[in-house]
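A closer look at the structure
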Amino acid sequence: MSYAATLRLVAVVLAVTAVSSSARVELLVGDELVILEGATLIDGSGAEARPRSVVVARGGRIVAVGTVGDFRYPSDATVLDLSGQWLLPGFVDVHAHARAAWVLEGLLAAGITTIRNPSSSVAGGVDFREAAASGAVRGPRVFTAGRVIDAPPGYWPDAAVVATEEEIRAEVRRQANAGVDIIKLYVRLPPELVRAGIDEAHAQGLPVIGDLAATSWTEAARFGIDFVTHGVPRHSSLLPAGVRATYERDVRTRRAHPFYRWFELVDLAGPEIDSMIEALATHGVAVDPTLVAIEAVLRSGDPAYQVLVDRESVPHRVLSDWRGAGLSSRWPADYLRRAADAWPEVLTLARLLHERGVLLLAGTDTPLPWVVPGVSFHRELELLEAAGISRLDVLSIATRNGALALGIVHEAGTVTAGKRADLVVLRADPLRDIRNTRHVAWVMKGGIRYDPTELRAAEQ
């Protein structure tokens, strides 16, 4: 930046901070100011909505936030009249797999300006992160993991399979050297390997996310894991002692799906869950329950669910492949009934986590059958509200909490001077109806505006 440009930027900051006793700023100065004027601001902090707001951006950053009448603008400023609309921080989907350009475009079109990609090929995840950062691909800012790390035989064919502490430490170092942002530990890893993976990742300066089944959430929290994902803890030690053997037998020999069978047997008011939640809260473990993905597993065989889910924005290229797809589409009627009966317990656990101080995040596990990039994020917010979480808290989960979890709250997650100009404008009030987050007028990422209609046209 030139000396003259630096002086102009300083002048903006001084003008913004030189507030009189009546909280008015006489004049904003500086080149290329963009003034977003008149929207009702929901800033992501949990504060009440602010009508007739003004947000001033320059060079991809927010330089001032106020109310109509607080500022006078230079004649060359770009003023955008957002009267009758709602302005929020860009959404954060903490569980979105960056597998193709159309996925990233669909996420951005939905108002999502940041994602955590929780598993990928190492090179693929890093490449998509760099492509989105450079603008070669239109999409959110990406924080990426590499291959999931699992114990033999490995749940997925592309997993990094390890059997010893030395092997998991070596794999963590390989991924760290390749430039990933996060390490993901997977379902078959026993406690001793989870502990070693966490220790090595932290030694490399990387956080750890766990999709765990052979290690309990309570154990993982005490080992120092940073995140756990999917709101189905599904470890037998979290069930009452008298039903643990039944659960293990049913999952192993009777082909009962652990998602619904665990919730059939759990006591959410029992000491096992109480200790688990206490461990998560005490150790600062954030949870993305991915309710929309669990719903898809449990309910995709139910015709009523298929009617319920909004498929209008599903890309044509995948709609035919996904119609009727999903694990439970192959379940007998009895399994579908049991899954439906278990579903309220899934929501109850999410509410309990939130009420007891666990940092909840909004994530989707997209793209999966019935879990459409972008569309599914808005469904996730609806399900968080259905769990009993207030709309204002849901919007903070969708914005600030994601930034907190990713360690970027100093530059994203709330509409605050000094932060990135990552914003979403809605045509309808999400505090009146959380489904109104779907009505995205336009998205701003790093000060650049995107038209959702044009982005979605590229998906077709």
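Notes on the structure follow. Being a predicted model, the structure only gives us computed values, none of them experimental.

What counts, and where the lines are drawn
- Residues numbered from 1 in each chain as written.
- Predicted model: local features only at pLDDT ≥ 70, side-chain atom pairs only at ≥ 80, totals over all residues.
- Heavy atoms only, no water.
- Helix = DSSP H or I, 4+ residues; strand = E, 2+ residues; numbered from the N terminus.
- Buried < 20%, exposed > 50% of the residue type's maximum accessible area, 1.4 Å probe, protein only.
- Contact = heavy atoms within 4.5 Å.
- Areas by Shrake-Rupley, 256 points an atom, 1.4 Å probe, with all protein chains shown as cover.
- Pairing = 2+ DSSP bridges.
- Right-handed = clockwise from strand over helix to strand, strands pointing away.
- Salt bridge = Lys/Arg side-chain N within 4 Å of Asp/Glu carboxyl O.
- Axes fitted to C-alpha atoms, helices over the stretch in contact; angles between N-to-C directions.
- Core = buried A, V, L, I, M, F, W, Y, C linked by side-chain atoms within 4.5 Å.
- Phe/Tyr/Trp six-rings, centres within 6.5 Å; stacked < 30°, edge-to-face > 60°.
- Patch = residues over 30% accessible without salt bridge, like charges linked within 9 Å, V, L, I, M, F, W, Y side chains within 5 Å.
- Lys, Arg positive; Asp, Glu negative; His and termini not counted.
- Charge placed at Lys NZ, Arg CZ, Asp CG, Glu CD.

1. A word on the overall build of the protein
Scanning the protein from terminus to terminus reveals 16 helices and 18 strands. Evaluated residue by residue, the protein yields a buried proportion of 56% over its 460 residues. Look at the contacts in the protein between residues 6 or more apart in sequence, and 70% of them connect residues 24 or more apart. Total accessible area on the protein is roughly 18100 Å²; 51% of this is exposed by carbon and sulfur atoms.

2. A closer look at the pairing of strand E8 (residues 112–117)
Burial analysis of E8 places 6 of its 6 residues in the buried class, the great majority of the element. Inspection of the sheet shows strand E7 (residues 91–93) paired to E8 by 3 bridges, in the parallel sense. Note on E8: the bridge partner recorded for Asp93 is Ile115. The handedness of the E7 to E8 crossover, carried by helix H2 (residues 101–109), is right-handed. Of the strand pairs in this sheet, E8 and strand E9 (residues 141–144) are connected by 4 bridges, and their pairing is parallel.

3. Some thoughts on the pattern of salt bridges
Per the stated rule, a full pass over the model turns up 29 salt bridges. Arg61 is the salt-bridge partner of Glu411, the closest N and O atoms lying 3.9 Å from each other. A residue pair is termed long-range when its members are at least 10 positions apart, and Glu411 in the loop between helix H15 (391–406) and strand E16 (423–426) and Arg61 in strand E4 (residues 61–67) qualify at 350 residues. The class of Glu411 is buried, set by a relative accessible area of 12%. Where Glu385 meets Arg391, a salt bridge forms, and the shortest distance between an N and an O atom there is 2.4 Å.

4. Some points on the sheet that holds E8
Strand order in the open sheet made by the 3 strands is E7-E8-E9, with parallel pairing throughout. Bordering the open sheet on either side are E7 and E9, each of which pairs with just one other strand. Neighbour-to-neighbour, the strand axes of the sheet open up by a mean angle of 15°, direction not taken into account. Against the sheet, H2 touches E7, E8 and E9, its axis set at about 135° to E8. Packed onto the sheet, helix H3 (residues 122–134) meets E8 and E9 and runs at close to 160° relative to E9.

5. Points about the nonpolar core
By size, the foremost hydrophobic cluster in this structure holds 106 residues, and its most contacted members are Ile183, Leu185, Ile273, Leu280 and Leu298. Considering every element that reaches this core, the biggest residue donor is helix H13 (residues 333–355), with 10 residues. Each residue touching Leu298, except ones within four places of it in the same chain, is listed here: Phe259, Tyr260, Ser328, Trp331, Leu336, Ala339, Trp343 and Val346. Ranked by size, the runner-up nonpolar core spans 16 residues in total, among them Leu36, Ala39, Leu87 and Val425.

6. Here we look at unusual backbone geometry
The linkage connecting Pro152 with the following residue, Pro153, adopts the cis geometry, with an omega of 0°. Its location among the elements puts Pro153 in the loop between strand E10 (149–150) and strand E11 (160–161). With an omega dihedral of -5°, the bond running from Thr366 to Pro367 counts as a cis peptide bond. Of note, Pro367 is situated in the loop between H13 and helix H14 (375–386).

7. Here's the deal with the sheet that holds strand E3 (residues 53–58)
Spatial ordering of the open sheet is given by E4-E3-E1-E5, a layout of 4 strands whose pairing is mixed. Either end of the sheet is taken by a strand with one partner, and the two such strands are E4 and strand E5 (78–81). Pairwise comparison of adjacent strand axes, ignoring direction, gives a mean angle of 20° for this sheet.

8. Thoughts on the packing of aromatic side chains
Evaluated as defined, the whole model comprises 8 aromatic pairs. Here the aromatic rings of Tyr260 and Tyr335 are separated by 5.6 Å at their centres, their planes lie at 65°, and the arrangement is edge-to-face. Here Tyr260 is found in helix H8 (residues 258–265), whereas its partner Tyr335 is found in helix H13, with 75 residues between them in sequence. In this pair, the class of Tyr260 matches that of Tyr335, namely buried. Geometrically, the ring pair formed by Trp331 and Tyr335 is edge-to-face, given 6.2 Å between the ring centres and 75° between the ring planes. Each of the two residues, Trp331 as well as Tyr335, counts as buried.

9. Quick notes on the pairing of E4
Both E3 and E4 contribute to a ladder of 6 bridges, which runs antiparallel. Residue pairing in the sheet places Val54 in a bridge with Gly66 of E4. Here E3 folds back onto E4 in antiparallel fashion, the turn holding 2 residues, of which Gly59 has a positive phi close to 60°.

10. A word on a negative patch on the surface
Together, Glu165, Glu166, Glu167, Glu192 and Asp199 line one region of the surface with negative charge. When residues of the negative patch are traced back to their parent elements, those giving at least two are helix H4 (165–178) and helix H5 (191–203). Among the secondary structure elements, Glu166 is positioned in helix H4. For Glu166, a relative accessible area of 58% corresponds to the exposed category.

11. Looking at H2
At 3.6 residues per turn, the α-helix brings residues three or four places apart onto the same side. Counting buried positions along H2 yields 8 of 9 residues, so the element is predominantly enclosed. Where H2 is concerned, the buried positions are Trp102, Val103, Leu104, Glu105, Gly106, Leu107, Leu108 and Ala109. With its phi angle positive at about 90°, Gly111 sits one or two positions after the end of H2.

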